[in-house]
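# Structural description and commentary
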Amino acid sequence: MIRLIELFAGIGSQTQALTNIGVDHETVAISEIDKYAIQSYELLHGTTLNLGDILEIEPKDAPDCDFITYSFPCQDLSVAGYQKGAEEGSGTRSSLLWECKKLIEEKKPKYLLMENVKNLVGKTHKENFLKWLDYLESLGYSNYWKVLNAVDYGAPQSRERCFCVSILNPKKDFEFPKPQERIIKLKDVLDEKDDIPENMFMNKPYVPRENVVESPNGLIHLGNIEMAGNESIKRVYSMDGVCPTITTMTGGHRQPKILTDDGKVRKLTPRECWRVMGFSAEDFSKVEGKLSNTQLYKQAGNTICVSCLEAIFRELFSGQY
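This section reports on the structure supplied with the text. The shown structure was predicted, so the numbers you read here are calculated from the model rather than taken from an experiment.

Cut-offs applied
Residues numbered from 1 in each chain as written. Predicted model: local features only at pLDDT ≥ 70, side-chain atom pairs only at ≥ 80, totals over all residues. Heavy atoms only, no water. Buried < 20%, exposed > 50% of the residue type's maximum accessible area, 1.4 Å probe, protein only. Helix = DSSP H or I, 4+ residues; strand = E, 2+ residues; numbered from the N terminus. Pairing = 2+ DSSP bridges. Contact = heavy atoms within 4.5 Å. Axes fitted to C-alpha atoms, helices over the stretch in contact; angles between N-to-C directions. Parallel < 35°, antiparallel > 145°, perpendicular 65-115°, else oblique. Left-handed = near helix turned anticlockwise from the far one by under 90°. Nonpolar A, V, L, I, M, F, W, Y, C, P; charged D, E, K, R; others polar. Salt bridge = Lys/Arg side-chain N within 4 Å of Asp/Glu carboxyl O.

Let us now look at the pairing of strand 6 (residues 160-168). In the case of a regular strand, side chains alternate between the two sheet surfaces. Within strand 6, 8 of the 9 residues are buried, which leaves it mostly tucked inside the rest of the structure. When strand 4 (residues 111-117) meets strand 6, the two strands line up antiparallel, connected through 7 bridges. Residue pairing for strand 6: leucine 112 is matched across the bridge by serine 166. Examined bridge by bridge, strand 5 (residues 141-149) and strand 6 share 9 bridges and lie antiparallel to one another.

Structure below.
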């Protein structure tokens, strides 16, 4: 059995992925401070020991484990964020990465998994990332990292993220799973027409421009949508493509917008955003009505694409490393 500790756990995408593919595991502890994320985590996965704020964790009090995941905050790394970096001792949110050291050193789990934005390995921040890898190597870990796009692993979403698998004294090198054939479309995870609340639809009539742009990543951008009164909506997408990256800023009028078969423009619902992230409709039913739409949108944008994790875990836990 794999004993897992999820640091920066959010709603528990790692636990969800392990459960979905049938890996024998127990989540022995999490670290999470957002009360709404904790609420969703427990609704999805049951009550779990929460070690609380990573700044205050006493490693000796944490249970032993075989696997630690740490999707640390991206605010200071993301292109859309603050760009303050993640240098050790800097006090930024992203520098909480270095707080993982004490637990890793104490528990020395066989496996580690890190996930963060693609810009972690961009020109501005890569040097700091390499310092982190050097630190792990000093403990005996071999590191394997790669930028993966969720659209290549069974998700109807273009979402590039950097993953790093670290294995203590591996028997062989880890190889990331190969990209899968892109079959699933955004329309495959949309709610039934009659289930869409009226407040998801845009208020005014419009006429779509014929300005279709299809990109290699599967996004089909229909151009701006002209509204009555010389207004327009930017970046409206086709149901026959995939969704743009769901972000924590999703909410209000910032949700991705699609053109429906009957010629209407609407926002994606919270359930659709969760399904785009790889959670099932059954998973979402456990939290539906118990949290605000604002929190449900935020949690979708703040989690890790479950189908991407499933592909990584299938390789990691069947490969005899």
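Among the 8 residues of helix 1 (residues 13-20), 6 are classified as buried, and the element is accordingly described as predominantly covered. Residues of helix 1 that are buried include every one of Ser13, Gln14, Thr15, Gln16, Ala17 and Leu18, and no others. Looking at the buried residues of helix 1, the elements they touch are strand 1 (2-7), strand 2 (25-31), helix 2 (35-45), strand 3 (67-70), helix 6 (281-285) and helix 8 (306-316). A positive backbone phi angle near 80 degrees is found at glycine 22, which sits one or two residues after helix 1.

Further remarks concern the pairing of strand 3. Burial of strand 3 is two-sided: the residues Phe67 and Thr69 facing one way and the residues Ile68 and Tyr70 facing the other way are all buried. Inspection of the sheet shows strand 1 paired to strand 3 by 4 bridges, in the parallel sense. When the sheet's bridge partners are listed, leucine 4 is paired in strand 3 with phenylalanine 67. Sheet topology places strand 3 next to strand 4; 4 bridges connect them, and they run parallel. Counted as the bridge partner of threonine 69 is leucine 113 from strand 4.

Attention now goes to the sheet that holds strand 6. One open sheet holds the 6 strands; their spatial order is 2-1-3-4-6-5, and the pairing between them is mixed. Only two strands of the sheet have a single neighbouring strand rather than two, namely strand 2 and strand 5. Sheet twist, expressed as the mean angle between neighbouring strand axes with direction ignored, is 20 degrees. Where helix 4 (residues 126-138) meets the sheet, it contacts strand 3, strand 4, strand 5 and strand 6, and its direction lies at approximately 145 degrees from that of strand 5.

Moving on, we come to the packing of helix 1 against helix 8. At their nearest, the axes of helix 1 and helix 8 sit 9 Å apart, and the two run at 60 degrees to each other. By the angle class used here, helix 1 and helix 8 are oblique. For the pair helix 1 and helix 8, the sense of crossing is right-handed. Residues Ser13, Gln14, Gln16, Ala17, Leu18 and Asn20 of helix 1 pack against Val306, Leu309, Glu310 and Phe313 of helix 8. Grouping the amino acids of the contact of helix 1 with helix 8 by side-chain chemistry returns 5 nonpolar, 4 polar and 1 charged.

All right, on to unusual backbone geometry then. Of note in this structure, phenylalanine 8 is not a glycine but carries a positive phi near 50 degrees. Relative accessible area serves as the criterion here: at 17%, phenylalanine 8 is assigned to the buried category. One non-glycine residue, lysine 108, adopts positive backbone phi at about 45 degrees.

Our focus in this paragraph is the pattern of salt bridges. For the structure on display, the rule yields 13 salt bridges. Here aspartate 64 and lysine 107 are joined by a salt bridge, their closest N and O atoms 3.2 Å apart. Of the two residues, aspartate 64 sits in the loop between helix 2 and strand 3 while lysine 107 sits in helix 3 (residues 101-107), which places them 43 residues apart along the sequence. With relative accessibility at 49%, the residue aspartate 64 sits in the partly exposed group. Judged by relative accessible area, which is 13%, lysine 107 ranks as buried. The salt bridge involving aspartate 240 is made with lysine 187; its shortest N-O contact spans 2.8 Å. Of this pair, aspartate 240 sits in the loop between strand 12 (236-238) and strand 13 (257-259) while lysine 187 sits in the loop between strand 6 and strand 7 (206-208), and the two are 53 residues apart along the sequence. Judged by relative accessible area, lysine 187 falls into the partly exposed class, the value being 45%. Because the salt bridges share partners, they merge into one network encompassing Asp191, Arg271 and Glu288.

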